[in-house]
Amino acid sequence: QVQLVESGGGSVQAGGSLRLSCAASGRTFSGLTMGWFRQAPGQEREFVACINQDENLWYADTVKGRFTISRDNAKNMVSLQMNSLKPEDTAVYYCAVTPYRLTNRRNDYNYWGQGTQVTVSS
């Protein structure tokens, strides 16, 4: 059974940093694309970033230059370093996996974690 477990969320003031991690289990993820999405209250879940097996990256324009996605295939983990956080980054952040090459489409991702809350205060 595939399982994704996020950690590292919390509360921080604007301008601060957080690092999210996602531990994957149940299969080998080295050949798959791993991504991060987020969902703020009352809004749709939106793409944040993804990284494929060749470590090609794709970021949403809203986080480009502030967030960095990385992966460790030996540990089946993907991380999201978030710097210069803004109140509008407040959301539940989800880790997800897709068999497709780099994609920002939510429906392309077939495994999801339970999410971790990130709250940024002004």
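Everything here concerns the structure above.
Residues numbered from 1 in each chain as written. Predicted model: local features only at pLDDT ≥ 70, side-chain atom pairs only at ≥ 80, totals over all residues. Heavy atoms only, no water.

Chemist: Any details on the sheet that holds strand E1 (residues 3–7)? Residues and values, ideally.
Modeler: Across the sheet, four strands lie side by side as E1-E3-E8-E7; this open sheet has antiparallel pairing. The two strands at the open ends of the sheet, each matched to only one other strand, are E1 and strand E7 (67–72). On average, each strand axis in the sheet is inclined to that of its neighbour by 15°, with strand direction left out of account. Both E1 and strand E3 (residues 18–25) contribute to a ladder of five bridges, which runs antiparallel. From the neighbouring strand, glutamate 6 faces E3, where its bridge partner is cysteine 22. (Pairing = 2+ DSSP bridges. Helix = DSSP H or I, 4+ residues; strand = E, 2+ residues; numbered from the N terminus. Axes fitted to C-alpha atoms, helices over the stretch in contact; angles between N-to-C directions.)

Chemist: With reference to specific residues and values, describe the pattern of salt bridges.
Modeler: One pass over the full model with this rule turns up six salt bridges. The partner of arginine 38 in a salt bridge is aspartate 89, with the nearest N and O atoms 2.9 Å apart. With arginine 38 in strand E4 (residues 33–39) and aspartate 89 in the loop between strand E8 (77–82) and strand E9 (91–98), the pair connects residues that are 51 residues apart, well separated along the chain. The same class applies to arginine 38 as to aspartate 89, namely buried. The partner of aspartate 61 in a salt bridge is lysine 64, and the shortest N-O contact between them spans 3.2 Å. Accessibility classification places aspartate 61 together with lysine 64 in one group, the exposed group. Linked by salt bridges that have partners in common, Arg38, Glu46, Arg66 and Asp89 make up one network. (Salt bridge = Lys/Arg side-chain N within 4 Å of Asp/Glu carboxyl O. Buried < 20%, exposed > 50% of the residue type's maximum accessible area, 1.4 Å probe, protein only.)

Bear in mind that shape data such as this cannot, by itself, settle questions of function.
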